[in-house]
Amino acid sequence: MTKTMSVLDRTQEETGPESEDDFVRALLSKMSLEDKIGQLQQVDASGDTISDALRDAVRAGKIGAIINQVDPSVCDAFQKIAVEESPHGIPLLIGRDVIHGFKTIFPIPLGQAATWNPELIEACARVSAEEASAAGVNWTFSPMIDISRDARWGRIAESFGEDPFLTATLGASMIRGYQGEDLSAPNTIAACAKHFVGYGASESGRDYDTTNIPLNELHNIYLPPFKAAADAGVATFMTSFGDIDGVPASGNEYILKNVLRESWQYDGLVVSDWDSVRQLSVHGLTDGDRNAAKEAVSAGVDMEMAGSAYAAHLADLVADGEIDLSRVNELTENVLRLKFRLGLFSAPYARPEACTLPCAQEKLDLAKQAAIESTVLLENKGGLLPLDASRMNRVAVIGPMSDQPYEQLGTWIFDGDEALSQTPLAAFRASLPAHVQLDYVQTLETTRARDTDDFEAAKLAATNADIAFVFLGEESILSGEAHSRADINLPGAQSALLEQLSATGTPVVCVIMAGRPLTISDVVENSDAVLFAWHGGTMSGPALYELIFGLASPSGRLPVTFPKMVGQIPIYYNHKSTGRPASDNQITHIDDIEVGAKQTSFGMTAFHLDAGFRPLFPFGFGLSYGKIVYDDLQLDRHQISPNESIRISARITNCGKYAASETAQLYIRDVAASVTRPVRELKSFQKIHLQPGETETVVFELTERDLAFYRRNKSVGTEPGEFQVWVGANADAGLTARFVLEA
Ligand code: NOJ
């Protein structure tokens, strides 16, 4: 498609990007109220063609953005109408949920978080942006940086897990990947920090449900990733479906105005979530669309996604003096500024020639690397893995996730091409030495199936094999938006299958492919090795082959705590101490209680009688093929004043016989403060690679900023006193020392 030059186009090229404000104001001054309201409207534009109604609306300047159109020729047709026929020739924002890949699918975000590798995540997002922008998309609704402490919540799959620091770090990387150095470059897209804020705290993990977040938690846990996103220059924010302290996010002036605009000085675009302006009335905040529009506009929602409250009522609200025209101007400016920043006034069209599809080899290599680094080795009894393929004679591949090109991609892969997926079965067949016989028994048609007809065939295959590889988990549709579960055991008859395979006596390597942490104590018990692979994307199969056979080394670390049983939820490492913290020597088990015992709370602590207080696996946990030893923790000082920093180092040695990656994690605890502080908080991490016998010293630096928190006086800062620090392999381990922050 040839580029069409408009008056605006020339204006932008002549004046240059430094005159963004002048450009936006000049354009705004020519627009009627109706034109402005049009810019605040995003509509669903899915389908192979453009409907007459939509065509007319774009032509009349009543649409500022579309969502869900990815056909380059249809995207271009939309842009052509907007640029050539609408009153001011203003191009459209074209949004799409490009969440963990466009055509090339990378691991689900929770899996990407398990890489603890910011550069890798940035590289994946860069590829996503290149593919999506080539199709004409200029805006993605990613990253989702909602803190997720509840594995029942389907959208935990889209998150970076439970930790504010890890989420902040990885979210910023993803934003950099999408937006590149220059948002106006043709191969970049606007990112969106969502869902502002607290959506992940929905009660019981039910999607869209109530959230109860005290101010202290809001500021110390839920807001920091969004602040980091704003600092990273994220182009847009999306509001949450939830309500914060009784005021739903899309009408919440405190978070949208006081925090985002005033305190953080954010000047990007804020979009509502799908129809969430109208839903203010469903929540019971307002009594109809008109007041819903009023609340959202007043609070600071610039653009309404897939709703019509603004279009229907904003003009009247202005005419009746309930909304000031200057407010509408501000909202419109935010939209126009984004379009300017994206360079849409000079290059609005798709670049299909830039699509290197089907996936180019370097993208597949990147997807494989991401899948490798996302996979967490949870168990490896007797050092079973890695296996030597040349010493195998016969192997069994069993289970409903062995060969599922679509299911291994995970949630939110509207544009992913399952035909490109390489499954474990395909990878094993392609890569095992020719002499190795492979017997495949899918056994269960889906992860939910309960039919045990093929169990005998599976057991026979396992019995005849040197090793049984069992691929279990969840299909894609069991996680993601609106797909929460109350039971997070393996669905269907998978556990029974594994138990029977284990009973054959053949060593079992179990790979779990799922969109959330699962309660898998039984899997750990019935397997010799367990790899948690999430939904690993296009290259899941080859990645797993390489890990299992030692061509790659497992380096994933859990970005979220794995509970033993669902009743432990919420369970997360950075909890508060409480007045009665649990410890190993205080636990009573339900089976140890005498029948008829009299009630007592003496010496009792915060734990469950049937689950204790420990999770199945702590945050940050993951094994490698090496044998990693931490020692020699050093602090360069034990006393610092507020403007000084402290250097903390530890020596890490790989005493094993395989090369390994280790993710050294630095945690702190503020021992006493004006509000209770978590028992541990992640403050830094470093991923290093060690050859057998190799030693490396990792050095961390903490500054006042790392020690700051939202205090009782409602400001962010530090308080003098003692801090404990740990350097170690996960949130339940580490060498520890103390230092004092002086007044
Ligand atoms: C609703 C989801 O909550 C949001 O994350 C997504 O970006 C929009 N729908 C658009 O699909």
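Residues numbered from 1 in each chain as written. Predicted model: local features only at pLDDT ≥ 70, side-chain atom pairs only at ≥ 80, totals over all residues. Heavy atoms only, no water.

Asks: Where do I start with the site of the ligand in this structure?
Replies: The immediate surroundings of the ligand are formed by 13 residues, with D97, R155, K194, H195 and D273 found nearest. Side-chain polar atom of D97 to an oxygen atom of the ligand: 2.4 Å apart, as the coordinates give it. Contact with the protein chains covers 95% of the free accessible surface of the ligand, which is 290 Å². Split into classes, the residues belonging to the shell around the ligand amount to seven nonpolar, one polar and five charged. (Near = heavy atom within 4 Å. Polar contact = N/O pair within 3.5 Å; in protein donor to acceptor, adjacent residues only side chain to side chain. Areas by Shrake-Rupley, 256 points an atom, 1.4 Å probe, with all protein chains shown as cover. Nonpolar A, V, L, I, M, F, W, Y, C, P; charged D, E, K, R; others polar.)

Asks: How should I be thinking about the packing of helix α17 (residues 424-431) against helix α21 (residues 540-548) in this particular structure?
Replies: Geometry of a packed helix pair, given as the angle between the helix axes and the separation of the axes. For the pair α17 and α21, the least separation of the axes is 7 Å and the interaxial angle reads 55°. One way to sum up the angle between α17 and α21 is to call them oblique. Seen from above, α17 lies across α21 with right-handed handedness. From α17, P424, A427, F428 and S431 reach across to α21, where they touch G541, P542, L544, Y545 and I548. For the contact of α17 with α21, the residue count by class is seven nonpolar, two polar and no charged. (Axes fitted to C-alpha atoms, helices over the stretch in contact; angles between N-to-C directions. Helix = DSSP H or I, 4+ residues; strand = E, 2+ residues; numbered from the N terminus. Parallel < 35°, antiparallel > 145°, perpendicular 65-115°, else oblique. Left-handed = near helix turned anticlockwise from the far one by under 90°. Contact = heavy atoms within 4.5 Å.)

Asks: For this particular structure, what's the right way to read the nonpolar core?
Replies: In a soluble, globular protein the nonpolar side chains are often hidden away together inside. Counting residues in each nonpolar core, the largest one holds 87 residues, and the members touching the most others are W139, F196, F237 and Y310. In contact with F237, other than residues within four places in its own chain, are C192, A193, F196, F226, A230, L260, W264, Y266, L269, V270 and V271. Formed by 44 residues, the second largest nonpolar core is a distinct cluster that contains I398, A449, L518 and L558. (Core = buried A, V, L, I, M, F, W, Y, C linked by side-chain atoms within 4.5 Å. Buried < 20%, exposed > 50% of the residue type's maximum accessible area, 1.4 Å probe, protein only.)

Asks: Help me out: how do you make sense of the domain arrangement of the protein in this one?
Replies: Accessible area lost when the parts come together is the quantity often used to give the size of an interface. Examined at the domain level, the protein breaks down into domain 1 (366-548) and domain 2 (628-741). Distance between the C-alpha centres of domain 1 and domain 2: 36 Å. (Domains from an automatic or database assignment.)

Asks: When you look at unusual backbone geometry in this model, what are you seeing that I'm missing?
Replies: Comment: phi is negative for the bulk of residues other than glycine, and the bulk of peptide bonds are trans. Between S142 and the following residue, P143, the backbone shows a cis peptide bond with an omega angle of 10°. Turning to its location among the elements, P143 is positioned in the loop between β4 (139-140) and α8 (164-179). Backbone torsion omega between L385 and P386 reads 0°, so that peptide bond is classified as cis. In this fold, P386 is placed in the loop between β11 (376-380) and β12 (394-398). Here the phi dihedral of D245 falls at roughly 55°; this positive angle occurs in a residue that is not glycine. Its location among the elements puts D245 in the loop between β7 (243-244) and β8 (247-248). Given the relative accessible area of 69%, D245 is considered exposed. Unlike most non-glycine residues, D275 shows phi in positive territory, near 60°.

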